[in-house]
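Close look at the chain arrangement
Spelled out, the chains give:
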Number of protein chains: 2
Amino acid sequence: MYPRGVKMNMKKIVVAGGGVLGSQIALQSAFCGFDVTIWLRSEGSIERAQPKLLRLKEIYLNTLEAMKTNPAAYCRGFSCENELSADKINELKQKVEDAYDSITLTTSYEEAGNDADLIIEAIAEDPKQKIAFYQELAKHIPEKTIIATNSSTMLPSAFAQYTGRPEKYLALHFANEIWRNNTAEIMGHPDTGQEYYDAVCEFAENINMIPLKLKKEQPGYILNSMLVPFLSAAEALYADGVADFETIDKTWMLATGAPLGPFRILDVVGLTTAYNIGMMNPKASDPDTIEGKVAAMLKEKIDAGKTGINSGEGFYKY
Amino acid sequence: MYPRGVKMNMKKIVVAGGGVLGSQIALQSAFCGFDVTIWLRSEGSIERAQPKLLRLKEIYLNTLEAMKTNPAAYCRGFSCENELSADKINELKQKVEDAYDSITLTTSYEEAGNDADLIIEAIAEDPKQKIAFYQELAKHIPEKTIIATNSSTMLPSAFAQYTGRPEKYLALHFANEIWRNNTAEIMGHPDTGQEYYDAVCEFAENINMIPLKLKKEQPGYILNSMLVPFLSAAEALYADGVADFETIDKTWMLATGAPLGPFRILDVVGLTTAYNIGMMNPKASDPDTIEGKVAAMLKEKIDAGKTGINSGEGFYKY
Ligand SMILES: NC(=O)c1ccc[n+]([C@@H]2O[C@H](COP(=O)([O-])OP(=O)(O)OC[C@H]3O[C@@H](n4cnc5c(N)ncnc54)[C@H](O)[C@@H]3O)[C@@H](O)[C@H]2O)c1
Ligand SMILES: NC(=O)c1ccc[n+]([C@@H]2O[C@H](COP(=O)([O-])OP(=O)(O)OC[C@H]3O[C@@H](n4cnc5c(N)ncnc54)[C@H](O)[C@@H]3O)[C@@H](O)[C@H]2O)c1
């Protein structure tokens, strides 16, 4: 670990992909003072990314404004300080405006790669597309550049060889709504160099993330390694007719003091994601297994448009 | 369901066993106005049960006293009302004293069985001993008596035939520290009569428990069906060297808003219980499996006396 306070010399951060996560990582990094470039595949991608950034800027500004009067609005990604004066919040709002204005969008590998300290890959979860991207990228970046993937389901060891710099390649995994859910799981593969791992941990802290350090590769990182079996067990109880989902949630909340039960969490995660994870298990294709009953139960809801909190209804109505 | 407010005519409750849970169920039921008899196997058992009841009485009284000034001391098992005046609390304290004085302890099946409305079996978790108890009990109880088991790990269908009244037999599963953790999982077997199931739900409410209703038999009920895979996943991450236990706890708490992570929960549950549950899986006996590594990790702590919160140290120090 670098001693706290001693900054690595990271200046230029490149985010590849301007989707849900890419746009968040870019704005957050710029907000925290980094020089940010978003690399996008096409002019069409640039046109799709711009309104995402604008919407995010509004969310940042509105949330900060709300924090002036409502303590419940507080988001850890904006500042490590719990108590912020209105003046300080106005300063942070100005930083959001400046950050938004400062972000460069480009389709050029040269422009993105030139002098990049860290490239965070947040393109679609498709190994072929990621590999093609890494192979082309490798031709355009200087020796020093570290590359991190935000992939939720794939391991860095699956891609390291295509980057041309396996020792400078690892995973930096954010959570959706980065300004609020400010965790960053950091995971190397067997050949990741410790100094690059440490540098990425330091970067995560510098953009107000709480680094959660993995000591070895683990599919699902830390969170999903626990969340998936937990949610699957809850889904199985319900699909098997053991209890109502409300009873299952109540049991968990009363017994553990948690603010949400598994079916509320499923509504937040989204039923489509839960279904896709379930379908990775071959048993889910057999309707006579409990995994198959879970899949059928989720599919019925998805087909009815009840995909979770984002659609206004999942297990619960919102 | 019986309409709320219409009381079943349960008056006499018998608790079989005066251990950790039996003593709690007895005092709580007496506190809520039932006529309570504890049936114990021997005079020696009576001598061991008496100081447990006395200690519990002191806990009830001290907790109620603390509730006068400290809102955090509030325990849901004492009253459904959130705001209690000092006068009301003094009334409840008097009820504790009266309850304690009213409990009958006996080794006689006749005295216990005579006119019993509900017998709650809370004897040691040993099927042979439970069967012998049910077989003898069946000879001494009237037609009307309902029998419920508090067993954590066994299914009511395994014992129903020995009670002589399978339709009036089911599980009523409490949590340790019943006055605070006031949940009651209620689970029938395929031949349990609905009216008796409903009557036990009503009884649970009448002793200030929140009934958690299972619609069919499920090993581990609702809570342990989720808790066991969740805790096992966390243990596996740690035993496999993926991350520190503090990091794993932090990840869970930050991501789900839960007040405790899995290793704090393990300290509350107790590492011996966790170890025993793990050893039910044959893989745990093979040191090369991840289950075997988990078992070895827990055994090392248990052998060092670090069995959890009750011993002052488990994963954390207390
Ligand atoms: N959505 C989440 O909650 C979440 C959370 C953590 C990590 N992730 C990970 O982040 C990554 C991106 O996810 P997302 O939700 O932002 O996806 P998204 O679909 O919102 O965005 C994907 C982005 O990748 C671009 N893209 C697609 N194909 C490409 C290609 N061939 N070359 C270059 N760019 C391409 C798209 O234009 C878009 O900008 C994935 O690896 C995902 O696993 C997502
Ligand atoms: N301890 C917990 O947290 C907990 C929680 C929920 C349910 N339970 C269940 O409650 C039951 C009792 O557990 P406990 O923790 O109170 O155990 P305990 O060891 O504290 O008490 C067991 C009681 O059973 C009596 N007993 C032992 N053998 C007997 C026999 N042959 N005949 C009659 N009585 C006998 C003992 O004298 C003692 O009073 C078990 O079925 C257990 O699974 C325990």
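Throughout, residues of each chain are indexed from 1 in the direction in which the sequence is written. Following the order in which they are written, the chains are lettered starting with A and the ligands numbered starting with 1. Where totals are concerned, whole chains, interfaces and linings use all residues; where local detail is concerned, this predicted model gives features only for residues with pLDDT of at least 70, and gives and counts side-chain atom pairs only at 80 or more. Excluding hydrogens and water, the side-chain figures rest on all heavy atoms present in the structure.

With that out of the way, let us pick up the domain arrangement of chain A. Frequently, the measure chosen for interface size is the accessible area that the parts lose on association. Where each domain begins and ends follows an automated or database-derived domain assignment. When cut into domains, chain A gives domain 1 (12-213) and domain 2 (226-311). Once you take the C-alpha centre of each, domain 1 of chain A and domain 2 of chain A turn out to be 30 Å apart.

Residues and elements named next belong to chain B. A large share of strand β1 (residues 12-16) lies buried, amounting to five of its five residues. Neither face of β1 is exposed, since Lys12, Val14 and Ala16 on one face and Ile13 and Val15 on the opposite face are all buried. Seen with its strands pointing away from the viewer, a crossover is right-handed if its path from the first strand over the helix to the second goes clockwise. By the criteria applied, helices consist of DSSP H or I runs no shorter than four residues and strands consist of E runs no shorter than two, each listed in order from the N terminus. Crossover connection from β1 via helix α1 (residues 20-31) to parallel strand β2 (residues 35-39): handedness right-handed. Strand pairing requires that DSSP identify at least two bridges connecting the strands. Bridge analysis of β1 against strand β4 (residues 118-121) gives four bridges, and the strand direction is parallel. The residue of β4 that forms the bridge with Ile13 is Leu118. Exposure is judged per residue with a 1.4 Å probe applied to protein chains only, and the accessible area is read against the type maximum: over 50% gives exposed, under 20% gives buried, and values in between give partly exposed.

Further remarks concern the side chain of B:Thr163. Residues and elements named next belong to chain B. If you trace the backbone, Thr163 turns up in the loop between β5 (146-149) and β6 (169-174). A residue is classified by how much of its surface remains accessible, and Thr163, at 1% relative accessible area, is buried. When checking whether two residues touch, look at their non-hydrogen atoms; a contact exists if any pair is within 4.5 Å. Not counting the four nearest positions on each side in its chain, Thr163 is found in contact with Tyr134, Ala138, Ile147 and Tyr169.

Working definition: rings of Phe, Tyr and Trp (its six-membered ring) pair if their centres are within 6.5 Å, and the pair is stacked with planes under 30 degrees apart, edge-to-face with planes over 60 apart, and tilted otherwise. Summed over the entire model, instances satisfying the criterion amount to 41 aromatic pairs over all chains. With a centroid separation of 5.7 Å and 85° between ring planes, the pair formed by A:Phe230 and B:Trp252 is classed as edge-to-face. Taken together, the positions of A:Phe230 in helix α7 (residues 223-239) and B:Trp252 in helix α8 (residues 245-256) put the pair across two chains. On the accessibility criterion, B:Trp252 (2% relative accessible area) is buried. Ring plane angle 80° and centroid distance 5.9 Å describe the contact between B:Phe31 and B:Phe78, whose orientation is recorded as edge-to-face.

Time to look at the packing of helix α8 (residues 245-256) of chain A against helix α9 (residues 262-269) of chain A. All names here are of chain A. Here an angle of 0 to 180 degrees is reported between the N-to-C directions of two axes, which are lines fitted to C-alpha atoms, with helices fitted over the stretch in contact. It is the contact of α8 with α9, at a shortest axis distance of 7 Å, that shows an interaxial angle of 105°. Our classification of the angle between α8 and α9 gives roughly perpendicular. Packed against α8, whose contacting residues are Phe245, Ile248, Asp249 and Trp252, the element α9 presents Pro262, Phe263 and Arg264 at the interface. Its residues placed into classes, the contact of α8 with α9 shows five nonpolar, no polar and two charged. Should an angle lie under 35 degrees it is considered roughly parallel, over 145 roughly antiparallel, and from 65 to 115 roughly perpendicular; all remaining angles are considered oblique. Residues are grouped as follows: Ala, Val, Leu, Ile, Met, Phe, Trp, Tyr, Cys and Pro are nonpolar; Asp, Glu, Lys and Arg are charged; every other residue, Gly included, is polar.

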